[in-house]
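Chain by chain, the residues run as shown.
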Amino acid sequence: MSAWLGFKRPLFLAFVLGCTVSFLTARTLTLRLVVPEMVSWAFVPLIEIAVLAAVCRRDCRNIPFAELIDSFFGGYRPWLLWMTGICAIWSLLSPASKPLDWTLSIVWMLGGVVFAVVWSLFIDFRFFRAVLQRSPAVAARELAMHRFISWTLILAVIGGPTIWSDITGRLW
Amino acid sequence: MVKTLRVVAGCLLFTSIVLGSISDTPRQNPHLMLGGYQVLAADFHIHSFPLSWGVLSPWDTVVEARRQGLDAIAMTPHNHTWVAKVGQRFSTWSGGPIVLAGEEIHSIGYHMLAIGVRNSIPWRQPAGSAIDEIHRQNGVAIAAHPIRSYSAYDAEAMRKLDAAEVVHPLGLRNEALASQLRDFYEHAHVTAIGDTDYHLGPLAPHVGEMGLCRTYVFVRERTGMDILDALRKGRTLVYDREHTYGDPAMIQLAAEDGRLPKLAWTGREHHFSTLLSGSLGVLGLLLCSFLFGRTAGVTAHRL
């Protein structure tokens, strides 16, 4: 039961990632995309869990790690809503052919991501304060560390060589 | 109440997936023969997950290419080739479209497609020497979306180039960029290419659906070698909404026959079942997203 508690939210996040890829590709949910892309994108929750384990390693003695995972992944709601918005735009509108729909999609992609970042920061800060009983300064530091490590790894997997050539190319 | 909502969300998602899977039919791709050549639909600029800002895994890229009615694709990860080789092997194993392994050289000032190469080509070099390296590996060099900000090709590089993207989603949305692509193509006198630059799916600002822009390649045999040969010899046709680019003899052949111009802009039709399935899926995901934030057990008390 405890293991399932730590498993279900990361699994659901992977499922939503698979669904988003399916919507972006086929404008709907199709089994041939949802399942394999869920597996491909499972690296996102796996990295988040690994970095959470590293940042909160002292707390695992007091709180079962499955509960920590479950509680931490509760902070993914803003991202799920953002991805659902992307799915809705691509499923119900025609951004590829209608300028207004395209503008709406860009506004949601960029504006929505800012909203999701800020909201999820707030939720995760509360996680570090309330669940892990950190002081505000320590909560902010650990949250920043978690975000920096996990997002760097995730971005490296998604577009590492491009980011590297963009950064080093400008210094070269 | 929450339990009931979870069941409703699950049913919506299940129904959406079943409907979506049933209505997920491939685009028509009739086999065309013109002037003794087989005409293949190809997209030579496709990025996969991981490492290239793509979303689809290499194997799903191959499956999607087949669904979009493409006979051949070039997988062009940024500054490496191994993801393309994975896709190529999967396609050979699964009987998919012809997959040419390659890469997009993501350099400063220019982006270039190296199609049919075995090894990665260093990106820290001028365009001219990168083209030499592509040719040493018997590959084909294509200028990728050579609008002004990506066109650091000197006279020597222009002379060595094999092909250039003249139709690209950038130009479909913006006439100024379309004009820059045309100018480069006319100035370079190279093989005409139409590519999608498939990255993050159709919602990303600069890209489109896989195969949205495509190149029709005239080959004697359906092999990767023959496609590369056709690219070197300029046996391609590319359509945008108002223009046709490519070998004048091929343009005439296609115009006389009449089928290819019609086929080029026949888009995928979205059925009612796709729309219904999508709507149910979005509702299901929305409901799940709202329920997702609810916590249980010890952490609920603390939060």
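See the structure printed just above.
All of these numbers come straight from a predicted model, not from anything done at the bench. (Residues numbered from 1 in each chain as written. Chains lettered and ligands numbered in written order. Predicted model: local features only at pLDDT ≥ 70, side-chain atom pairs only at ≥ 80, totals over all residues. Heavy atoms only, no water.)

What follows is about the overall build of chain A. Helix and strand counts for chain A come out as 7 helices and 0 strands. Its helices and strands taken in sequence order, chain A reads α-α-α-α-α-α-α from the N to the C terminus. Within chain A, the fraction of its 172 residues that count as buried is 56%. Counted over contacts in chain A with a minimum sequence separation of 6, partners at least 24 positions apart contribute 65%. With the model as given, the accessible surface of chain A reaches about 7,800 Å², and the carbon-plus-sulfur share is 76%. Distance between charge centroids for chain A: 3 Å, based on 15 positive and 9 negative side chains. (Helix = DSSP H or I, 4+ residues; strand = E, 2+ residues; numbered from the N terminus. Buried < 20%, exposed > 50% of the residue type's maximum accessible area, 1.4 Å probe, protein only. Contact = heavy atoms within 4.5 Å. Areas by Shrake-Rupley, 256 points an atom, 1.4 Å probe, with all protein chains shown as cover. Lys, Arg positive; Asp, Glu negative; His and termini not counted. Charge placed at Lys NZ, Arg CZ, Asp CG, Glu CD.)

Counting residues in each nonpolar core, the largest one holds 81 residues, and the members touching the most others are A:Phe15, A:Trp41 and B:Leu260. Per-element accounting of this core gives the leading share, 11 residues, to helix H1 (residues 2-26) of chain A. Setting aside chain neighbours within four positions, we find B:Leu260 in contact with B:Leu32, B:Leu34, B:Val39, B:Tyr216, B:Phe218, B:Leu237, B:Tyr239 and B:Ala254. Ranked by size, the runner-up nonpolar core spans 28 residues in total, among them B:Ile134, B:Ala157, B:Met158 and B:Leu161. (Core = buried A, V, L, I, M, F, W, Y, C linked by side-chain atoms within 4.5 Å.)

Attention now goes to the packing of H1(A) against helix H4 (residues 65-73) of chain A. All names here are of chain A. Viewed as axis vectors pointing N to C, H1 and H4 meet at an angle of 30°, and their least axial separation amounts to 7 Å. Of the possible angle classes, the one that applies to H1 and H4 is roughly parallel. As H1 packs across H4, the resulting crossing turns out to be left-handed. Across from Ser2, Leu5, Gly6, Lys8, Arg9, Pro10 and Leu13 in H1, the residues of H4 making contact are Ala66, Glu67, Ile69, Asp70 and Phe73. The class makeup of the residues in the contact of H1 with H4 is 6 nonpolar, 2 polar and 4 charged. (Axes fitted to C-alpha atoms, helices over the stretch in contact; angles between N-to-C directions. Parallel < 35°, antiparallel > 145°, perpendicular 65-115°, else oblique. Left-handed = near helix turned anticlockwise from the far one by under 90°. Nonpolar A, V, L, I, M, F, W, Y, C, P; charged D, E, K, R; others polar.)

Taken together, the contact between chain A and chain B spans 66 residues of the former and 59 residues of the latter. Interface area, chain A with chain B, both sides summed: about 5,500 Å², of which 66% is carbon and sulfur. On the surface where chain A and chain B come into contact, there are 2 salt bridges. For the salt bridge of A:Arg32 with B:Glu64, the shortest nitrogen-to-oxygen distance reads 3.0 Å. Where chain A packs against chain B, one counts 19 residue pairs in polar contact (both at pLDDT 80 or more). Among the elements of the structure, H1, helix H2 (31-40), H4, helix H5 (77-92), helix H6 (99-131) and helix H7 (136-171) of chain A are those that each provide at least two residues to the side of chain A that touches chain B. Among the elements that line the side of chain A that touches chain B, the one with the most residues is H7(A), at 15 residues. (Buried area = accessible area lost by both parts, 1.4 Å probe. Salt bridge = Lys/Arg side-chain N within 4 Å of Asp/Glu carboxyl O. Polar contact = N/O pair within 3.5 Å; in protein donor to acceptor, adjacent residues only side chain to side chain.)

Residue and element names in this part refer to chain A. In a regular helix each residue adds 1.5 Å, so 33 residues correspond to 48 Å; H6 covers 46 Å between its end C-alpha atoms and thus fits that length. Among the residues of H6, those classed as buried are Asp101, Ser105, Ile106, Met109, Gly112, Ala116, Ser120, Asp124, Phe127, Phe128 and Val131. A positive backbone phi angle near 55° is found at Gln133, which sits one or two residues after H6. (Expected span 1.5 Å × (residues − 1).)

Moving on, we get to H2(A). Turning to H2(A), its buried residues number three or more, namely A:Leu33, A:Val34, A:Glu37, A:Met38 and A:Ser40. The arc that holds every buried residue of H2(A), seen down its axis, measures 155°, which confines them to one face. (Arc of directions from axis to C-beta.)

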